[in-house]
Amino acid sequence: MNRIDAAMADWQGREKRYQQRYGPKLVNDRAFAKVKLKAWKRTLRETRGMKLTNEEKDDRNILKSQVRDLEKQLTPNPVLRFIKRVAERTQEVAVAAWGLAVRTVENRRSKNAFGEDVLNTAQVDYAQSRNATGAQTPNNAATQTQEQAPMQLPAPAPVQHQRSTPIPGPDNPQVSFTNNHQNRLALKKTHRQRTVQAVGASNKQSL
C-alpha cells in the first residue's frame, strides 16, 4: 500500500471527525489550518530518507507543494516564513540529537548491567563450585595442601670407603712399624738359609 496515501487517509479520517464534532465551518479556522499543516509536515518528515516507489515520490511531491501553499496562507511574509522554517529545522535537529544521546546512554547502561550480571553470576557459580568441593574450609584446604605436597626423604649420609689393607705411611705409624719388622725377619731368615747352604757346600768339597 502507498505509505503517503495511508498517512493522508489517516488525516482525512481525523478531519471528518473534527467536522462532525465542531461543524463544517472548522475548515476555515486558522487553528485547524495549523494542525493540518503540522500533520502534513509530520508525514513529510517521517517519509524523509525512505526508499519510496515512483507513485509514493509523486504523492510526496504534491504534498510538499500543498504544504508550501498552506504556509503562504498562514504566514504571507516571506522573511518570517523563512525564519519559521529555520526554527523548525533546528528543532528537528535538536530532537534527533537528543534522541541519539538518550539511546546511547541507555545502550551503555544495558551493557554495564549485562556485564555486572555476568560477573555476579560467574562469582556465584565459582563460589558454589568451591563450596560443593569443600575447598573453602580450612581443614580441607590443609588436607589438600598436604596431599599435594610431595614426600621429602632425608638425604643419604656420605659413604666412607675403607680400604681392606691399610697403606703404611705417616698416617698409620703402627702399620709402618709392623711391616719394617716383618721385612727384617724375612731378611734374617734368607741370610740364615744362604749361610747354611754355603756351609753345606764347603763340607761337601772337603769330603
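A brief structural summary. Everything numeric here is computed off the predicted structure, so don't read it as measured data.

## Concerning the overall build of the protein
No. 1: Counting its regular elements, the protein contains six helices and zero strands.
No. 2: The burial tally for the protein puts 14% of its 207 residues in the buried class.
No. 3: Here the protein has roughly 17900 Å² of accessible surface; of this, 55% comes from carbon and sulfur atoms.

## Focus: the nonpolar core
No. 1: Of all hydrophobic cores here, the largest spans 14 residues; its most connected members are Trp40 and Leu70.
No. 2: Every element with two or more residues in this core is listed here: α1 (3-22), α2 (30-46) and α3 (54-74).
No. 3: The biggest single contributor to this core is α2, with six residues.
No. 4: With sequence-adjacent residues up to four places away left out, Leu70 is seen in contact with Ala33, Lys36, Leu37 and Trp40.

## Concerning the layout of surface pockets
Summary: where empty space remains is shown by rolling a probe the size of a single water molecule over the atoms.
No. 1: Estimates place the volume of the largest pocket at around 870 Å³.
No. 2: Together, 25 residues line the largest pocket, and Lys41, Val67, Glu71, Glu88 and Glu92 are the ones closest to its centre.
No. 3: Of all the secondary structure elements, the ones that give two or more residues to the lining of the largest pocket are α2, α3 and α4 (78-133).
No. 4: No other element matches α2, which puts nine residues into the lining of the largest pocket.
No. 5: Among the residues forming the lining of the largest pocket, the class breakdown is six nonpolar, two polar and 17 charged.

## So, the pattern of salt bridges
No. 1: Applying the stated rule across the entire model yields four salt bridges.
No. 2: Among the ionic pairs, Glu56 bridges to Arg3, the shortest N-O distance being 2.9 Å. Of this pair, Glu56 sits in helix α3 while Arg3 sits in helix α1, and the two are 53 residues apart along the sequence.
No. 3: For Glu56, a relative accessible area of 3% puts it in the buried group.
No. 4: Overall, Arg3 belongs to the partly exposed group, its relative accessible area being 36%.
No. 5: The shortest N-O distance in the salt bridge between Lys41 and Glu71 comes to 2.6 Å. On the criterion of sequence distance, the pair formed by Lys41 in helix α2 and Glu71 in helix α3 is long-range, its members being 30 residues apart. The burial state of Lys41 is the same as that of Glu71; both residues are buried.

Rules used in this analysis
Residues numbered from 1 in each chain as written. Predicted model: local features only at pLDDT ≥ 70, side-chain atom pairs only at ≥ 80, totals over all residues. Heavy atoms only, no water. Helix = DSSP H or I, 4+ residues; strand = E, 2+ residues; numbered from the N terminus. Buried < 20%, exposed > 50% of the residue type's maximum accessible area, 1.4 Å probe, protein only. Areas by Shrake-Rupley, 256 points an atom, 1.4 Å probe, with all protein chains shown as cover. Core = buried A, V, L, I, M, F, W, Y, C linked by side-chain atoms within 4.5 Å. Contact = heavy atoms within 4.5 Å. 1 Å grid on protein atoms, 1.4 Å probe; cavity = no way out; pocket = protein on both sides within 12 Å on 5 of 7 lines; lining within 4 Å. Points joined across faces, edges and corners; volume = space filled by probe spheres on them. Nonpolar A, V, L, I, M, F, W, Y, C, P; charged D, E, K, R; others polar. Salt bridge = Lys/Arg side-chain N within 4 Å of Asp/Glu carboxyl O.

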